[in-house]
Amino acid sequence: MSGVDSAGDGPGARPDGGTGAGSGGEARLGGWTRFVTARPRLSLLVALLLTALAVAAGSGVADRLGSGGWEDPTAQSTYATKALEREFPASQPNLLLLLDAGRGSVDDPSVAAEAERLAARLATEPGVTGVGSYWQSGSPALKARDGHEALIAARITGDEKAAADTLDRLAPAYRGRSGPVEVKVGGPVAVRHEMQTTIREDLTRAELIALPVTLVLLVMVFGSAVAALLPLGVGIIAILGTNAVLRGLTEVTEVSVFAMNLTTALGLGLAVDYALFIVRRFREELAAGAPPRTAVGTTLRTAGRTVLFSSLTVAVSLAAMLVFPQYFLRSFAYAGIAVVLLAAAAALILLPAALVLLGDRVNSLDLRRLFRRGRPDPVDDGAGWGRVASLVMRRAPLFAVATTAGLVVLGLPFLGVKFGTADDRQLPSGAESHIVQQHIRDGFPGSPGGGLEILAEGAATDAQYARYRERIAALPEVLRVDGPLVRGDAAYFTVLPEGEAVDEGAQRLVGGLRAAEAPFDTSVTGTAAVLVDSKHAIADRLPWAVAFIAIVTLLLVFLLTGSVLIPLQAVLLNALSLTAMFGAVVWVFQDGHLSGLLDFTSSGSIETTLPVLMFCVAFGLSMDYGVFLLSRIKEEYDHTGDHREAVRFGLQRTGGLITAAAVILAVVMVAIGTSRVANTKMLGLGIALAVVMDAMVVRSLLVPAVMRLTGRATWWAPGPLRRFHDRFGLSEGEAPKAAPALDHQASDPESEAETGVEADAEGKPVPATGSGRDKAEARG
């Protein structure tokens, strides 16, 4: 494989044949190049077989995924829920039948007789227990204030899959007109099942939207239809492989159905990012005269290393969600890590094999020639981005202050965030389970189905139970206390709060109930208690997650750049880029602005786990783009030692690439955001906004301005860390690093500005540093 072995002789090769990673790193990279290009047809055949196996292994994965996972499995509320389900199944109704008597009263004899018949029939159904109703108990909580509606409550037993199967069997048999009443099916089990079904349908629609639109955008970016198909191939392999991984995980742990949305979004988005970067660099090397195998070798040593670092930074951000106990968040970590690593593996193994086989044919079927005869390729010509960088650096203080202030202002609404829990309002307003719950909220006293349950364990007398009931009934925000229902040494009470099930009053009531003195052990559960415990679990572990992301990201960026300041800048600026997303989430989804346009029902709060999820995903994607830009700046700085020109050249070469990748990823996220489920809509649209803001504001304006202000100090590192980087670090440049003396030349910003590199009429830099500059231009 002489062509592969001579890859170091291609454009931009070092005279000594080494790399910034040392000769050992070069040997490893040369071996990797030989491995992935030696038998390209065999590599692609194996990939095809593995993809077919992944399709088979991942089939039916959506049916095995859960729709819950917001609760802390170690919390008091979770313990109490499981104990009550075991000892007092009627205390945890998850199925509600809403009986509407129309203009009549639910107390009419004919209505009562039909209701009792339905309740008796429901009690005989397999998998159903704890059937009760207004007509049986006379409880005013089960009767609407206007007297036209009332409830039958029951519990469907079994896990989520068994409960869903039971609901599928029962709902058609009870829904609709039954004598003098109209029956609607609701309750938590119906909400979960309808949400799961809706997400599955929406995901299919999102894929049908995202795939063709992505292909069209890729054709516009690459020109070549052949090149445009490569990222889609990488993305499809990553998505199918991740589905197989999730299917395997369902055998050992619970996985949320929401994670499939992230699989599709990141699978397509990151595949486009990585393939864009690699194919773009490969085409540059071909244009510079390198044969295909040599071009692949150079691409893997440069863009390939960037993709590797980028995938690690994204995976690190997603892995931080593993510190949280809620399986909703952990599921996104499982799906995200799998799809990131599979997308990177496909881009670094299969894509190079395809490029070796295609060679110059990667540029075939250039559809843009029909519309742009004789004009240069806008993706390859980055003169406009070079001019943007020059303008920003000439006015660096202005751009830095204005951009930072603007991002902070956009994030201000997040200061008013209110955390809540996911409920039926996640569903479309026309969903049956949403209609049932809305009728209950609007027309029934208290919060039927949303009360707090107290499990009392330990022997006690009737007098002790009565005194305890009086004590908790006297607490603020208590509307009514029912119970106790005693069975052996255990009992339970039901407490209805005055307001909604999860409002601030209900959450305060949880604390009051848990602090109330009792002669027995008590555990409190219910919707508000689950929310309180979830908030506590997130607050307790959030510092660890943030510290993990920050420390590992700092280390990875240091290994890439060898600088102490650049990793700090990267972390801070990436976090700043997320402010617009968080501000928009509160302004739109919590406060309800644009709810009519976007077709969702605002619950007045943000589900507790979502900001954590959105931060981890958006921060990882921001680092993805940051690594692309920083690696090219570092490569140029290693070649020329000219800090200002390196920043300008880096943005010139990656500005269009990052923008194209961001637009395509935003399109995918917007397709996910068309979901009818509010949380999925929030996730898709919020991350789309974050990606666009990061690429078009932070990468294009803030990063060049800040790097201009920090000057050559940007590249400083103390001696021990510099030696550590020389030994273990990796960078994208192959040419010798600038002489140490260059680190101290022109340190004055104004002096540097006066001696900055000029641009010719086409926006290309005029050589300013002799042979180093020539090498940089030869590399494209």
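Residues numbered from 1 in each chain as written. Predicted model: local features only at pLDDT ≥ 70, side-chain atom pairs only at ≥ 80, totals over all residues. Heavy atoms only, no water.

Caption draft 1: Fine view of the packing of aromatic side chains. All told, the structure shown has 17 aromatic pairs when counted by the stated rule. When the centroid spacing of 4.4 Å and the interplanar angle of 5° are considered together, the rings of F277 and F628 count as stacked. Here F277, found in helix 10 (residues 259–287), pairs with F628, found in helix 22 (residues 610–640); they are 351 residues apart in sequence, far enough to count as distant. Each member of the pair, F277 as well as F628, is classed as buried. With 4.5 Å between their ring centres and 5° between their planes, Y637 and W715 make a pair best called stacked. Of this pair, Y637 sits in helix 22 while W715 sits in the loop between helix 24 (678–710) and helix 25 (719–728), placing them 78 residues apart in sequence. For the pair Y637 and W715, a shared accessibility class is recorded, and that class is buried. In textbook terms, an aromatic cluster arises when at least three aromatic residues are bridged by ring pairs, as seen for W70, F258, F328 and F332. Between the NZ or CZ atom of R121 and the centre of the ring of Y174, over which it lies, the distance is 4.3 Å. (Phe/Tyr/Trp six-rings, centres within 6.5 Å; stacked < 30°, edge-to-face > 60°. Helix = DSSP H or I, 4+ residues; strand = E, 2+ residues; numbered from the N terminus. Buried < 20%, exposed > 50% of the residue type's maximum accessible area, 1.4 Å probe, protein only. Lys NZ or Arg CZ within 6 Å of the ring centre and 35° of its normal.)

Caption draft 2: Local environment of the pairing of strand 9 (residues 490–497). Buried residues dominate strand 9, accounting for eight of its eight residues. Judged by which residues are buried, strand 9 turns out to be covered on both faces: A490, Y492, T494 and L496 on one side and A491, F493, V495 and P497 on the other are all buried. Strand direction decides the pairing type here: strand 7 (residues 452–457) and strand 9, joined by six bridges, are antiparallel. In the sheet register, A456 faces strand 9, and the bridge partner there is A491. For strand 8 (residues 478–487) and strand 9, the ladder comprises seven bridges, and the chain directions are antiparallel. In the sheet register, V486 faces strand 9, and the bridge partner there is A491. In sequence, strand 8 turns back onto strand 9 through a hairpin of two residues, with G488 there showing a positive phi of about 65°. (Pairing = 2+ DSSP bridges.)

Caption draft 3: Region of the structure containing helix 16 (residues 462–473). Here helix 16 spans 16 Å end to end across 12 residues, near enough to the 16 Å set by a 1.5 Å rise per residue. Along helix 16, the positions that sit buried rather than exposed are Y465, Y468 and I472. Summarising the axial view, the buried residues of helix 16 lie within an arc of 65°, below the 170-degree limit, and thus occupy one face. Counted as exposed and oriented over 90 degrees from the buried face of helix 16: D462 and E470. (Expected span 1.5 Å × (residues − 1). Arc of directions from axis to C-beta.)

Caption draft 4: Spotlight on the confidence of the model for the protein chain. Of all residues in the protein chain, 86% have pLDDT values of 70 or greater, and the mean over the chain is 83. Mean pLDDT across the elements of the protein chain bottoms out in helix 1 (residues 2–5) (36) and peaks in helix 14 (residues 396–411) (95). Overall, residues 1–29 carries pLDDT values under 50, and its contacts beyond four positions in sequence, including any with other chains, amount to 56 contacts. Note on residues 732–780: pLDDT under 50 across the span, and 110 contacts to partners over four residues away in sequence or across chains. (pLDDT = per-residue confidence, 0-100. Contact = heavy atoms within 4.5 Å.)

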